[in-house]
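Examination of the molecular architecture
Chain residues, written in single-letter form:
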Amino acid sequence: MKKNKIQVTELSEDLKEVCKKLLKESFCSCHLCEECEYGCLEDTLESVLEVVENPEIHGFLILAEDSPIAYNIVSKEKDQLVFHFKKNQRGFRGMNEFIHTETLERYGDGCST
């Protein structure tokens, strides 16, 4: 990850389509719909994105060299962060750890670790 110029930006209404496109590129392009036994990720993302403007919901988009590579959507419940949706492209070593650390630093005030 250090090799790439990483930018992190808060999720907003205008970034919803970017998230949908990233999901299609990183997941849907290499999975058949029949493989999603527990429901469609696109439908789930659509439902979650409807509440992004809620002040209790937080999230960010990660870009590498101006291309979206990951995002997450969380809420804070008492002293815990709840991940509602997280998606990242393969090939970015350490991305999950980066997302978790960045989430805790941004939204984890008062959360137990």
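Preceding this paragraph is the structure being described.
Residues numbered from 1 in each chain as written. Predicted model: local features only at pLDDT ≥ 70, side-chain atom pairs only at ≥ 80, totals over all residues. Heavy atoms only, no water.

So, on to the sheet that holds strand S3 (residues 67–77). Pairing in this open sheet of four strands is antiparallel, and the strands run S1-S2-S3-S4 from one edge to the other. What marks the edges here is a single partner per strand, and that holds for strand S1 (6–10) and strand S4 (80–88). The average undirected angle you get between the axes of adjacent strands in this sheet is 20°. Across five bridges, the pairing between S1 and strand S2 (residues 57–64) is antiparallel. (Pairing = 2+ DSSP bridges. Helix = DSSP H or I, 4+ residues; strand = E, 2+ residues; numbered from the N terminus. Axes fitted to C-alpha atoms, helices over the stretch in contact; angles between N-to-C directions.)

On to the pattern of salt bridges, then. In total, this model carries six salt bridges according to the counting rule given. Its salt-bridge partner being glutamate 102, residue arginine 106 comes within 2.8 Å of it at the nearest N-O pair. Here glutamate 102 and arginine 106 lie together in helix H3 (residues 95–107), a separation of four residues that amounts to about one turn. In this structure glutamate 102 comes out as buried when scored by relative accessible area, which is 14%. The structure contains a network of salt bridges with shared partners spanning Glu10, Glu102 and Arg106. (Salt bridge = Lys/Arg side-chain N within 4 Å of Asp/Glu carboxyl O. Buried < 20%, exposed > 50% of the residue type's maximum accessible area, 1.4 Å probe, protein only.)

This next bit is on the packing of aromatic side chains. Evaluation of the coordinates by the stated rule reveals two aromatic pairs. Here the aromatic rings of phenylalanine 60 and tyrosine 107 are separated by 6.3 Å at their centres, their planes lie at 25°, and the arrangement is stacked. Highlighted residues: phenylalanine 60 in strand S2 and tyrosine 107 in helix H3, separated in sequence by 47 residues. We note that phenylalanine 60, like tyrosine 107, is buried. With 6.1 Å between their ring centres and 5° between their planes, tyrosine 71 and phenylalanine 85 make a pair best called stacked. Remark: phenylalanine 85 occurs in strand S4 and tyrosine 71 occurs in strand S3; sequence separation between them is 14 residues. (Phe/Tyr/Trp six-rings, centres within 6.5 Å; stacked < 30°, edge-to-face > 60°.)

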